[in-house]
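Descriptive analysis of the structure
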Amino acid sequence: MTETGASTTPTREQDALGDLIVCPSCDLVYTVPDVGPRERAVCLRCRRVLIAPRRKAGKQLIALALTVLILIVAASIFPFLAIDAGGLHHKASILDTALAFHGMLSVLSVAVLFFIVVIPMLRLCLLIYVLVPLIRDRPPAPLSREAFALSEALVPWSMAEIFAIGCAVALVKLSDLADVVYGPAAWMFAVLVVLVVATDRLMCRYSIWKSLES
Ligand SMILES: [Zn+2]
């Protein structure tokens, strides 16, 4: 894959805003370079990928988003883990765990459900809503720009994969005290972590915004 360093032309007043791109990591402003289908533009200062158009990325993104959606629903319902300790056997799913809190701790239930189930699902639904008309060469759906902006704003609050990593660390520590058996949901979350990273790597935000403008 060819890498194209974005040109560090300073902002000029006569430059239209549409010709500028800002690095999301270090805020350096560039004029938009010409990037071919198999090329990508990276920030010269922090090496962050700014533009990486790929053919058929839309269809692959929708497929990935649908897979992650199904995995989140299944991972919430199937048992996450089973614990054997002192002759007692207990297994729990994410939904069981979230709904087990009462009183003041019910705030925690709502937070867990929101950050690891509701927000990731909402984000993926918005992404699919935005991408479906684009891959069919139709005009963008109503409010597509707002939907994509909201989907991007939800990225820091979408914590399904962070939850999976946190659980893995906690379970390794717990395995000293009791026999821990990972349920199907734990493996689904493991796959989910990989798919979320793949979705993020595949998505060229600049290309989506440009498609929504046209
Ligand atoms: Zn940068």
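Description of the structure in this document. Computed from a prediction, not measured in an experiment: that's the story for all the values here.

Attention now moves to the coordination of the zinc ion. Protein-derived coordination of the zinc ion comes from C23 (SG), C26 (SG), C43 (SG) and C46 (SG), at a distance range of 2.2 to 2.3 Å. Note that the zinc ion binds four donor atoms; their angles at the metal cover 103 to 122°, and the shape is tetrahedral. Motif for the zinc ion, donor spacing along one chain: C-x2-C-x16-C-x2-C. Assessed through its relative accessible area of 18%, C26 is described here as buried.

So, on to the sheet that holds strand β8 (residues 179-182). Overall, antiparallel pairing links the three strands, which are arranged β7-β6-β8 in an open sheet. Every interior strand has two partners, whereas the edge strands, β7 (88-93) and β8, have only one. Across the sheet, the mean angle separating the axes of adjacent strands is 15° when strand polarity is ignored. In the packing of helix α6 (residues 184-202) onto the sheet, contacts are made with β6 (79-85) and β8, and the angle to β6 comes to roughly 130°.

Calculation rules
- Residues numbered from 1 in each chain as written.
- Predicted model: local features only at pLDDT ≥ 70, side-chain atom pairs only at ≥ 80, totals over all residues.
- Heavy atoms only, no water.
- Donors = N, O, S within 2.8 Å, 3.2 Å for Na, K, Ca; no water.
- Tetrahedral: all angles 85-135°; square planar, octahedral: opposite > 155°, others 65-115°.
- Buried < 20%, exposed > 50% of the residue type's maximum accessible area, 1.4 Å probe, protein only.
- Pairing = 2+ DSSP bridges.
- Helix = DSSP H or I, 4+ residues; strand = E, 2+ residues; numbered from the N terminus.
- Axes fitted to C-alpha atoms, helices over the stretch in contact; angles between N-to-C directions.
- Contact = heavy atoms within 4.5 Å.

Shape is all these values report; function is a separate question.
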